[in-house]
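Architecture and fold: a report
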Amino acid sequence: MDTQTEGMSFSKKIASGIGIFLVGLIIIYWIFANTIIKHIAEAEIGKAHGAEVNITSVDHSYFQSPLPSMVLNLLMHMPQPETKSKWAK
């Protein structure tokens, strides 16, 4: 068997492996994009405002430019400052 033939076969395997990996990433993104955007938005908005943030749902569009998202039902709960009881020592 010629070494050139073996090299071409190996490079085709690598190229197909990379292609399958990229297609897999696109499929995972397609399925889980709304969930990923929701969790990241809750964490980042919560960090920015110092509040607990709950997002009911996210509607992400794949075919509109520049990939707009619509957040539905955004709830923020501001933490209450701790107050001492007048009876506490």
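Refer to the preceding data block for the structure.
Calculation rules
Residues numbered from 1 in each chain as written. Predicted model: local features only at pLDDT ≥ 70, side-chain atom pairs only at ≥ 80, totals over all residues. Heavy atoms only, no water. Helix = DSSP H or I, 4+ residues; strand = E, 2+ residues; numbered from the N terminus. Buried < 20%, exposed > 50% of the residue type's maximum accessible area, 1.4 Å probe, protein only. Salt bridge = Lys/Arg side-chain N within 4 Å of Asp/Glu carboxyl O.

**Things to note about the environment of V58**
Take V58: it is sitting in strand β1 (residues 52-60). Assessed through its relative accessible area of 10%, V58 is described here as buried. Along the sequence, V58 and M70 sit 12 residues apart, while their C-alpha atoms lie 5.7 Å from each other.

**Description of the pattern of salt bridges**
In the structure shown here, the tally under the stated rule is 1 salt bridge. K47 is the partner of E44 in a salt bridge, and the nearest nitrogen-oxygen pair spans 3.3 Å. With E44 and K47 both in helix α1 (residues 3-49), this residue pair falls 3 residues apart, about one helical turn. Look at E44 and you get partly exposed, because its relative accessible area is 44%.

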